[in-house]
Amino acid sequence: MGQITALFASKVLGIVDEHVDKDAMLRSIGIEPGEPVDPALMVSADEYYAFLERLAASDGNPTTLSLRGGGAMRCSDYGAFGLAFKSATTLLGSYERAARYARVLTSVSTYTHEQAENGMYVHLNRAGERRLGMRISNEATIAAITAISREVSTAPFTPLAVYFKHPEPVHVRDHEIYFECPVYFDTDRDALLVASTSLHTRNKVGDESIARFFDSHLEATLATFEDETALDKQVCNQVSRALSEGVPAISDVAGQLGMSGRTLQRRLSETGHTFQALVDTARRQLAERLLQQTDYSLAEIAFMTGYAEQSAFTRAFMRWAGQTPRSYRLNPQKK
């Protein structure tokens, strides 16, 4: 499951109508009201899109929700990512850093560049169903890129054009006013078209040595994500080793990995995993190996995967593989 930094949710709440119960909205995505929001705190993409949909239903002007939310963003809101963007010497350098380090803010979006005759497309790439929440998020992201580009550039920044894949809203005048350029919907891209002159204009506080400092910080953060991506495999391995004695507690697995149960739970949550889901994965993987590679009876395999009864194991395996353990053993390629 993809994730998005919680700071976006916190920021957009700052611009919605006063009658909206903001504390309840924050709690609905697991954020405690009144506490500073760390950009490293993540919420699932589905939860975030649903959150935006609830806000749109409550807000007095939902068409401009994305523009107001994205337009309120400043480099300082993004932590080290924003400082790296701001300290690049030109907007081209800022966009290159955004493409490299977007992962510190979200696992569902990437940025790519494409040369154009009169400049460069800055593409927002995001897969998934184009539900209302994603459409609002995409517009807010493009609006935020525009806002921080205007913040850092020494020259007034206006894109040449803005493109969205989703259908045109009822009113587009607010979009044209915000971006100060033509805005196209139902296109083949979510992107800004930025002029060459804008790309190579110096940033206000651009400093290559400072930018390199934040680059090193963000590179270390990316490396941490890579380590945490492997954490799910470590948990599955520990669970598999313990299953013959029953499903282990999260505290027991955490202890084997040198951390507390609470820390393990938090780190798994930050990478879009839950302990229970990984237990399920470990059971399935172990069951498939035993069915394919051993002659153990189904009752024995049920016991070795942590089930007290063969019937419970059979029901679980049907849910995983869509067939009985016996059918899988006879024809595993149809899993």
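All of these numbers come straight from a predicted model, not from anything done at the bench.

Analysis parameters
- Residues numbered from 1 in each chain as written.
- Predicted model: local features only at pLDDT ≥ 70, side-chain atom pairs only at ≥ 80, totals over all residues.
- Heavy atoms only, no water.
- Helix = DSSP H or I, 4+ residues; strand = E, 2+ residues; numbered from the N terminus.
- Expected span 1.5 Å × (residues − 1).
- Buried < 20%, exposed > 50% of the residue type's maximum accessible area, 1.4 Å probe, protein only.
- Core = buried A, V, L, I, M, F, W, Y, C linked by side-chain atoms within 4.5 Å.
- Contact = heavy atoms within 4.5 Å.
- Salt bridge = Lys/Arg side-chain N within 4 Å of Asp/Glu carboxyl O.
- Disulfide = S-S within 2.5 Å.
- Pairing = 2+ DSSP bridges.
- Axes fitted to C-alpha atoms, helices over the stretch in contact; angles between N-to-C directions.
- Polar contact = N/O pair within 3.5 Å; in protein donor to acceptor, adjacent residues only side chain to side chain.
- Phe/Tyr/Trp six-rings, centres within 6.5 Å; stacked < 30°, edge-to-face > 60°.
- Lys NZ or Arg CZ within 6 Å of the ring centre and 35° of its normal.

A.B. asks: Would you take a moment to explain helix H3 (residues 45-58) for this structure?
C.D. replies: An α-helical turn contains 3.6 residues, so any two residues separated by three or four positions project in the same direction. For H3, spanning 14 residues, the distance from its first C-alpha to its last is 20 Å, which sits close to the expected 20 Å at 1.5 Å a residue. Within H3 the residues assigned to the buried category are Ala45, Tyr48, Tyr49, Ala50, Phe51, Leu52, Leu55 and Ala56.

A.B. asks: Just to check I follow, could you spell out unusual backbone geometry for this structure?
C.D. replies: Leaving glycine out, the prevailing phi sign among residues is negative, and the prevailing peptide bond configuration is trans. You will see that Glu180, though not glycine, has its phi angle at about 60°, which is positive. Residue position: Glu180 is located in the loop between helix H8 (173-179) and strand S6 (183-184). In this model, Asp186 sits at a positive phi of 55°, which is unusual for a non-glycine residue. Position of Asp186 among the secondary structure elements: in the loop between S6 and strand S7 (191-195). The exposure class assigned to Asp186 is exposed, which follows from its relative accessible area of 58%.

A.B. asks: What exactly am I supposed to notice about the nonpolar core here?
C.D. replies: Across soluble globular proteins, you tend to see nonpolar side chains buried next to one another. In this structure, Tyr48, Phe51, Leu55, Tyr95 and Phe179 are the most contacted members of the largest nonpolar core, which totals 66 residues. No other element matches the nine residues that helix H7 (residues 132-152) contributes to this core. Setting aside its immediate chain neighbours within four residues, Phe179 contacts Leu67, Ile142, Ala143, Thr146, Arg150, Thr158, Pro159, Val162 and Phe164.

A.B. asks: Would you take a moment to explain the pattern of salt bridges for this structure?
C.D. replies: Pairing of side chains with opposite charge becomes possible as their charged atoms draw close. This structure, assessed with the given rule, holds 13 salt bridges. In this structure, the salt-bridge partner of Glu176 is Arg173, at a minimum N-O distance of 3.6 Å. Taken as a pair, Glu176 and Arg173 lie in helix H8 at a separation of three residues, close to a single helical turn. In this structure Glu176 comes out as partly exposed when scored by relative accessible area, which is 29%. On the accessibility criterion, Arg173 (54% relative accessible area) is exposed. A salt bridge links Arg189 to Asp188; its shortest N-O distance comes to 3.0 Å. The exposure class assigned to Arg189 is buried, which follows from its relative accessible area of 15%. Among the residues examined, Asp188 registers a relative accessible area of 57% and is labelled exposed.

A.B. asks: Help me out: how do you make sense of the state of the cysteines in this one?
C.D. replies: Two cysteines joined by a covalent bond between their sulfur atoms form a disulfide. Counted by the stated rule, this structure contains zero disulfides. Of the cysteine sulfurs around Cys75, a residue in no disulfide, the closest is that of Cys181, at 19 Å.

A.B. asks: How should the sheet that holds strand S5 (residues 161-163) be read in this particular structure?
C.D. replies: Strand pairing in a sheet relies on backbone hydrogen bonds, with the paired strands running either antiparallel or parallel. Read from one edge to the other, the open sheet built from five strands follows the order S3-S4-S7-S5-S6, with strand pairing classed as mixed. Looking at strand neighbours, the two that pair on one side only are strand S3 (109-116) and S6, the edges of this open sheet. Pairing between S5 and S6: two bridges, direction parallel. Residue Val162 lies in a different strand from S6, and its bridge partner there is Val183. Against the sheet, H7 contacts S3, strand S4 (119-126), S5 and S7, and its axis sits at roughly 145° relative to S4.

A.B. asks: How should the environment of Ser28 be read in this particular structure?
C.D. replies: Tracing the backbone shows Ser28 in the loop between helix H2 (22-27) and strand S2 (42-44). Using a relative accessible area of 38% as the deciding quantity, one classes Ser28 as partly exposed. Between the C-alpha atom of Ser28 and that of Asp280, which follows or precedes it by 252 residues, the distance is 26 Å. Apart from the residues within four sequence positions on either side, Ser28 is in contact with Phe51 and Arg54. Within polar-contact distance, the side chain of Ser28 engages the backbone oxygen of Met25 at 2.5 Å.

A.B. asks: Honestly, the packing of aromatic side chains in this entry has me stumped. Any pointers?
C.D. replies: Here a ring pair, both rings aromatic, is described through the centre-centre distance and the interplanar angle of the planes. One pass over the structure, following the stated rule, counts 15 aromatic pairs. Pairing Phe164 with Phe179 gives two aromatic rings, centres 6.4 Å apart and planes at 55°, and the pair type is tilted. Remark: Phe179 occurs in helix H8 and Phe164 occurs in the loop between S5 and H8; sequence separation between them is 15 residues. Note on Phe164: relative accessible area 0%, which makes it buried. Ring geometry for Phe317 against Trp320: centres 5.9 Å apart, planes inclined by 70°, an arrangement best described as edge-to-face. Taken together, the residues span about one helical turn, with Phe317 and Trp320 both in helix H16 (residues 310-321) at a distance of three residues. Overall, Phe317 belongs to the buried group, its relative accessible area being 0%. Looking at Trp320, the relative accessible area reads 11%, which means it is buried. Chaining the aromatic ring pairs together yields one cluster made of Tyr307, Phe313, Phe317, Trp320 and Tyr328. Above the ring of Tyr178, the side-chain terminus of Arg150 is found at 5.3 Å from the ring centroid.

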